[in-house]
Amino acid sequence: MQNDNTDNRSVLLIYTGGTIGMIENPETGVLENLKFKHLVHLMPELKRFNYNIATYQFSPPIDSSDMEPSHWAKLVEIISDNYEHFDGFVVLHGTDTMSYTASALSFMLENLGKPVILTGSQLPIGMLRTDGKENLITSIEIAAAKNPDGSPTVAEVCILFENSLMRGNRTTKINAENFNAFRSHNYPVLAHAGIHIKYETHLLRKPDPSRKMKPHFQIDANVVIFTLFPGIKEEIVSAILHAPGLRAVILKTFGSGNAPQKEWLIRLLREATERGIIVVNITQCLTGAVEMERYRTGRQLLSAGVICGYDSTPESAITKLMFLAGHGLSNAEIRKRMNMDIAGEITGMR
């Protein structure tokens, strides 16, 4: 779709799939994907934008539960191939794995200098009470927004949902029922959309103008997340840590990074790190960070070679590990970079 009445701003709208582009079958009541051109017809408001809006559709559309690293790579390819032709990008995506995709893209689009805004909806766009129209319209406006000097207002991967713009690699889906489906627990909201869109400019990432955006496509998915709980069994943990091809583990611990004081647990973790498996400690809590030196139960993990994940979300930690493991880096280099903020994903080291 293209609008001839423009101010030369341009946005590429990428439809991957998800609830926003579904329609209810009147006979079965089941939600089914519709063609993107029909979605555009359901939103005549798009014609009122004073921008050039082009569209790209995944064929077939992907349910977010079926999202894979290959689809992340495809998004990177689409954005990279069109990077010089558009001021911003809006990715329509199912909500279930949106935070994983946003996190992955934040690492795979190195030194991103333009907005990549992911959004979707809890109700299909054809329904009367849909949240999809407002989410999409606001996302397009943010993707096209510029500073007085002509530079993009936003130059990072974000999620826009329910009037809040959030850093993508800081988000988690927290609600399957309500419109406020996402939350950024450990980093403030980047912008609030009310009568006007109010940007918190001091929170936005600033790209290095001397460097070009560098796309990455390699991902190693030989990673796993496992959560500690009272009564966890040695046999289960051992089976996970001895899985064939395993490269790295996200260990979700209690509180500020604590684990049960069980000899077998520390032994298995130490043996795993000595075999070259990278183990990263993040908290099960929604808010807060891991501080492994605070309690004895955390210090024992340090002694076993487990590294700190600070205030990473599970989605950010796992995609960052997949990204780093996919680039042929040494274990020492991966461990070093997991302790570095490379895309705004952690607040800092303590």
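Scope of this entry: the structure provided in the associated data block. (Residues numbered from 1 in each chain as written. Predicted model: local features only at pLDDT ≥ 70, side-chain atom pairs only at ≥ 80, totals over all residues. Heavy atoms only, no water.)

Description of the overall build of the protein chain
Helices and strands together make up the secondary structure of the protein chain, namely nine helices and 18 strands. When the 350 residues of the protein chain are sorted by exposure, 53% land in the buried category. Within the protein chain, contacts between residues at least 6 apart in sequence are counted, and of these 74% link residues at least 24 apart. Here the protein chain has roughly 15,900 Å² of accessible surface; of this, 50% comes from carbon and sulfur atoms. (Helix = DSSP H or I, 4+ residues; strand = E, 2+ residues; numbered from the N terminus. Buried < 20%, exposed > 50% of the residue type's maximum accessible area, 1.4 Å probe, protein only. Contact = heavy atoms within 4.5 Å. Areas by Shrake-Rupley, 256 points an atom, 1.4 Å probe, with all protein chains shown as cover.)

Some remarks on the sheet that holds strand β16 (residues 248-253)
The strand order β15-β16-β17-β18 describes an open sheet built from four strands, whose pairing is parallel. Where the open sheet ends on each side, the last strands, each with one partner, are β15 (223-227) and β18 (307-308). Across six bridges, β16 lies against strand β17 (residues 278-283) in parallel orientation. Paired with Ala 248 across the two strands is Ile 278, which belongs to β17. (Pairing = 2+ DSSP bridges.)

Examining the nonpolar core
In terms of nonpolar packing, the biggest core is built from 48 residues, with Leu 109, Val 116, Leu 118 and Leu 321 touching the most fellow members. Residues within four places of Leu 321 in sequence aside, it is in contact with Val 223, Ala 248, Val 249, Ile 250, Ile 278, Val 280, Ile 334 and Met 338. (Core = buried A, V, L, I, M, F, W, Y, C linked by side-chain atoms within 4.5 Å.)

A few points about the pattern of salt bridges
In total, this model carries ten salt bridges according to the counting rule given. Between Glu 234 and Arg 267 there is a salt bridge; the shortest N-O distance is 3.2 Å. With Glu 234 in helix α5 (residues 234-241) and Arg 267 in helix α6 (residues 263-274), the pair connects residues that are 33 residues apart, well separated along the chain. Residue classification places Glu 234 among the partly exposed positions, given a relative accessible area of 29%. (Salt bridge = Lys/Arg side-chain N within 4 Å of Asp/Glu carboxyl O.)

Here we look at unusual backbone geometry
Between Ser 59 and Pro 60 the backbone carries a cis peptide bond, its omega angle lying at 0 degrees. Summarising the element assignment, Pro 60 is placed in the loop between β4 (52-57) and α2 (69-81). A positive phi is found at Asn 163, a non-glycine position, where the angle reads about 70 degrees. Taking the relative accessible area as the measure of exposure, Asn 163 reaches 25% and is therefore partly exposed.

Section: the packing of aromatic side chains
Tallied over the full model, the rule gives five aromatic pairs. Feature note: the residues Tyr 83, Phe 86 and Phe 89 constitute an aromatic cluster, connected by ring pairs. The ring of Tyr 83 has Lys 114 sitting right over it, with the charged end atom 4.8 Å from the ring centre. (Phe/Tyr/Trp six-rings, centres within 6.5 Å; stacked < 30°, edge-to-face > 60°. Lys NZ or Arg CZ within 6 Å of the ring centre and 35° of its normal.)

Some words on the side chain of Glu 156
Structurally, Glu 156 is set in the loop between α4 (132-144) and β8 (157-161). Of note is the side chain of Glu 156, whose polar atom sits 2.7 Å from the side chain of Arg 167. A distance of 2.9 Å separates the side chain of Glu 156 from the backbone nitrogen of Arg 205, its partner in a polar contact. (Polar contact = N/O pair within 3.5 Å; in protein donor to acceptor, adjacent residues only side chain to side chain.)

A few points about the sheet that holds strand β12 (residues 191-193)
Read from one edge of the open sheet, eight strands run β4-β1-β5-β7-β8-β9-β12-β13, paired in mixed fashion. Every other strand in the sheet has two partners, leaving β4 and β13 (197-199) as the edge strands with one partner each. Each strand of the sheet is rotated relative to its neighbour by a mean of 20 degrees, with strand direction disregarded. Bridge analysis of strand β7 (residues 116-119) against β8 gives three bridges, and the strand direction is parallel. (Axes fitted to C-alpha atoms, helices over the stretch in contact; angles between N-to-C directions.)

Description of the pairing of strand β5 (residues 88-92)
Remember that side chains alternate between the two faces of the sheet whenever the strand is regular. Among the five residues in β5, five count as buried, and that is most of the element. The pairing of strand β1 (residues 10-15) with β5 spans five bridges and is parallel. Following the sheet pairing, Leu 12 is matched in β5 by Phe 89. Note that β5 and β7 share four bridges and pair parallel. Looking at the pairing, Val 91 lines up with Leu 118 of β7.

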